[in-house]
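# Architecture and fold: a report
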Amino acid sequence: MTLDPELAAWLDAHADGLDCGSTDAAALLPRLATAGLIGAGVPIAAGGSGGSCSSAIGAVAALARHSQAAAFVLWAQRVFIEYLLQSPNRALAEAYLPGLLAGTTAGASGLSNAMKFLGGIEALQVEARRRTDGWQLDGRLPWATNLLAQRFVVAVAASDVAGGAPAVFAVPATQAGVQRSADLDLVGLRGTATAALALSQVPLGPEHLLHEDARSYLPRVRPAFLGMQCGLSIGLARRCLASVRGSEDSGRALLAEPAGAIAADLDAAAARLSAGVDAGAFVDAPRALFLLRIQLAELAQQAAQLELQARGGAGYLHGRHGGFARRWREAAFLPIVTPSLVQLRTELARGSARQAA
Ligand SMILES: Cc1cc2nc3c(=O)[nH]c(=O)nc-3n(C[C@H](O)[C@H](O)[C@H](O)COP(=O)(O)OP(=O)(O)OC[C@H]3O[C@@H](n4cnc5c(N)ncnc54)[C@H](O)[C@@H]3O)c2cc1C
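Keep in mind that what you see is a predicted model, and the values were worked out from it rather than measured. Each chain has its residues counted from 1, running along the sequence as written. The model is predicted, so local features are restricted to residues of pLDDT at least 70 and side-chain atom pairs to those at 80 or more, both for listing and for counting; the totals for chains, interfaces and linings are taken over all residues. As a rule here, side-chain values cover all heavy atoms of the structure and leave hydrogens and water aside.

This part takes up helix α4 (residues 68-85). Here α4 spans 25 Å end to end across 18 residues, near enough to the 26 Å set by a 1.5 Å rise per residue. For the purposes of these results, a polar contact is taken to be a pair of N or O atoms within 3.5 Å, where, inside protein, one atom must be able to donate a hydrogen and its partner to accept one; residues adjacent in sequence count only when each atom of the pair is a side-chain atom. Strands are runs of DSSP state E lasting at least 2 residues, helices are runs of H or I lasting at least 4, and numbering of each runs from the N terminus. Backbone nitrogen of Ala-69 and a side-chain oxygen of the N-cap are separated by 3.4 Å at the start of α4; the cap is Ser-67. Helix span, expected: 1.5 Å multiplied by one less than the number of residues in the helix.

Here the focus is the environment of Ile-262. With respect to the helices and strands, Ile-262 occurs in helix α8 (residues 256-279). Three exposure classes are used, based on accessible area relative to the maximum for each residue type with a 1.4 Å probe and protein chains only: buried under 20%, partly exposed in between, and exposed over 50%. Ile-262 sits in the buried class, given a relative accessible area of 7%. In this structure, the C-alpha to C-alpha distance between Ile-262 and Arg-238, residues 24 residues apart in sequence, is 9.5 Å. When residues no more than four places from it in sequence are discounted, the contact partners of Ile-262 are Leu-241, Leu-299, Gln-302, Ala-303 and Leu-306. Two residues qualify as a contact provided that any one of their heavy atoms is within 4.5 Å of a heavy atom in the partner residue.

One finds Leu-63, Tyr-83, Leu-137, Phe-169 and Leu-273 to be the most contacted residues of the largest nonpolar core, which totals 126 residues. A total of 16 residues in this core trace back to one element, the largest contributor, which is helix α7 (residues 214-245). Apart from the residues within four sequence positions on either side, Leu-273 is in contact with Ile-57, Gly-227, Cys-230, Ile-234, Phe-282, Leu-289, Leu-292 and Leu-296. In these notes, a set of buried Ala, Val, Leu, Ile, Met, Phe, Trp, Tyr and Cys residues joined through side-chain atoms within 4.5 Å is what counts as a nonpolar core.

The way it works is a 1 Å grid over only the protein atoms, where trapped points that fit a 1.4 Å probe form a cavity and open points with protein on both sides within 12 Å along at least five of seven lines form a pocket, and then any residue with an atom within 4 Å of a point lines it. Grid points are joined across faces, edges and corners, and a volume is the space filled by probe spheres set on the points. When its volume is computed, the largest pocket comes out at roughly 640 Å³. Taken together, 30 residues line the largest pocket, and the ones lying closest to its centre are Trp-143, Thr-194, Phe-333, Ile-336 and Val-337. Of all the elements in the fold, those that place two or more residues in the lining of the largest pocket are α4, α6 (112-118), β3 (134-144), α7 and α10 (324-333). For the lining of the largest pocket, the class distribution of residues is 14 nonpolar, eleven polar and five charged. Volume-wise, the second largest pocket comes out at about 190 Å³. Forming the boundary of the second largest pocket are Leu-118, Gly-119, Arg-222, Pro-286, Arg-287, Phe-290, Glu-347, Leu-348, Arg-350, Gly-351, Arg-354 and Gln-355. In this classification, Asp, Glu, Lys and Arg are treated as charged, Ala, Val, Leu, Ile, Met, Phe, Trp, Tyr, Cys and Pro as nonpolar, and every other residue, Gly included, as polar.

Cysteine sulfur atoms are paired as a disulfide whenever they fall within 2.5 Å. This model, assessed by the stated rule, comprises zero disulfides. Free of any disulfide, Cys-20 has its nearest neighbouring cysteine sulfur in Cys-240, separated by 19 Å. Unpaired in terms of disulfides, Cys-240 finds its nearest cysteine sulfur in Cys-230, a separation of 16 Å. Using a relative accessible area of 0% as the deciding quantity, one classes Cys-240 as buried.

What follows deals with the domain arrangement of the protein chain. Domain parsing of the protein chain yields domain 1 (5-106), domain 2 (109-213) and domain 3 (215-350). The C-alpha-based centres of domain 1 and domain 3 are spaced at 20 Å. Residue-level contacts link 25 residues of domain 1 with 26 residues of domain 3. A combined buried area of about 2300 Å² lies between domain 1 and domain 3, and 65% of that area is made up of carbon and sulfur atoms. In what follows, salt bridge is the name for a side-chain nitrogen of Lys or Arg lying within 4 Å of a carboxyl oxygen of Asp or Glu. Summed over the shared surface of domain 1 and domain 3, the number is two salt bridges. Between Asp-19 and Arg-329 there is a salt bridge, with the nearest N and O atoms lying 2.5 Å from each other. Linking domain 1 with domain 3 are nine residue pairs in polar contact (both at pLDDT 80 or more). Here the side of domain 1 that touches domain 3 takes nine residues from α4, the largest share from any one element. The residue makeup of the side of domain 1 that touches domain 3, split by class, is 13 nonpolar, seven polar and five charged. Segmentation of the chain into domains, including their bounds, is taken from an automatic or database domain assignment. The term buried area means the drop in 1.4 Å probe accessible area that two parts suffer when joined, counted for both and summed.

Applying the stated rule across the entire model yields 14 salt bridges. Among the salt bridges present, the one from Arg-345 reaches Glu-298, with a minimum N-O distance of 2.3 Å. Of the two residues, Arg-345 is situated in helix α11 (residues 341-356) and Glu-298 in helix α9 (residues 286-311); the sequence distance between them amounts to 47 residues. On the basis of relative accessible area, Arg-345 is assigned to the partly exposed category, the value being 40%. Classification of Glu-298 as partly exposed rests on a relative accessible area of 33%. The network of salt bridges with common partners includes Asp-16, Arg-326 and Glu-330.

This next bit is on the packing of aromatic side chains. Aromatic rings from Phe, Tyr and Trp, with only the six-membered ring used for Trp, were paired whenever their centres fell within 6.5 Å, and each pair was classed as stacked if the ring planes differed by under 30 degrees, edge-to-face if by over 60, and tilted otherwise. Applying the stated criterion across every chain, the model contains six aromatic pairs. Note on Phe-72 and Trp-75: the rings are 5.0 Å apart at their centroids and 5° apart in plane angle, and the pair reads as stacked. With Phe-72 and Trp-75 both in helix α4 and three residues apart, the pair spans about one turn of that helix. Accessibility classification places Phe-72 together with Trp-75 in one group, the buried group. Each ring, one from Phe-324 and one from Trp-328, has its centre 5.7 Å from the other, and the planes form 45°; the classification is tilted. Here Phe-324 and its partner Trp-328 are both found in helix α10, four residues apart, which amounts to about one turn of the helix. In this structure Phe-324 comes out as buried when scored by relative accessible area, which is 4%. Among the aromatic residues, those joined into a ring-pair cluster are Phe-72, Trp-75, Phe-225 and Phe-333.

Given below as structure tokens:
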């Protein structure tokens, strides 16, 4: 996907600001909406511009070439929209989709903990208690991005204290008992409105329910969740490789070969990802998706290493690195966003051990 030139110029001017926090997600979301990025891959009947999930991956990748913070905000917004699209609660979707697509409501995904729960890595950190008219939620989300003050709605998975199935809810910022922390003191991506949430006796009704059974719902949304995350790696890697190509006439010709090899692997992996996500192949075969997520994050890291070598000493000087120092930090985010590479490898190893047994 090619970005609207006006948005690309704005991102290039504000990428460092989005990273260090002097520009924030509130300035970004309406621009993403106007450029048609939030609606990519959203059915026309639901208010989007149509296309498949790979269009949304392409939109995240196009942004990540310019700014990982902007791309991650789009990921949060777009993945929340996906939760609505795949929810049986049509009234909830109809209530939120217009504001989310316009960028006036901020969608947040507090489901890292739930994705780890799905992989048997940790327990859910939020509990739901049944009440006559719905549920009461208590617990804590240590991380969520795109928490624009008073304007967010966040997806939360909660265990049932009575022992029933864990459920997934859409919790609005304005609901009683929802407390947002100050923005977390991050080393980068500071303009992403990333904070912690405390939930204390939050009353929710059936109108807030995304799905009554997290165990059947999360595996169905996981391909979009992970696939769009892969867009972060794809875009960053492409941007770093473009810088390497631009340096070949300054005594760095020997970098052309490894850059070409990374680019070929990147194109092949990105094509497999798009085809698999669009065909629904990863719902029942998550291992293939895990392997692609690991491979793409590693390719992005290799591309950043190569850009470092292409820039040489100039890359280490303030004002002389053309955004490289930011991209170096951005690359450090890719292995740790949930599911982290450690968590994915742990799940893959467990799967192999089960097969061997
Ligand atoms: C910029 C950024 C944005 C993120 N946005 C989201 C989001 O939108 N939604 C979402 O669900 N997750 C989000 N996360 C969380 C992320 O995806 C991981 O869950 C998080 O990095 C913890 O994973 P871990 O591998 O450290 O695992 P863990 O095993 O959970 O943590 C490893 C160790 O680090 C400690 N630790 C982890 N987090 C914190 C913390 N906040 N404060 C103090 N100690 C901590 C743990 O106690 C543990 O000792 C974000 C993370 C970052 C860096």
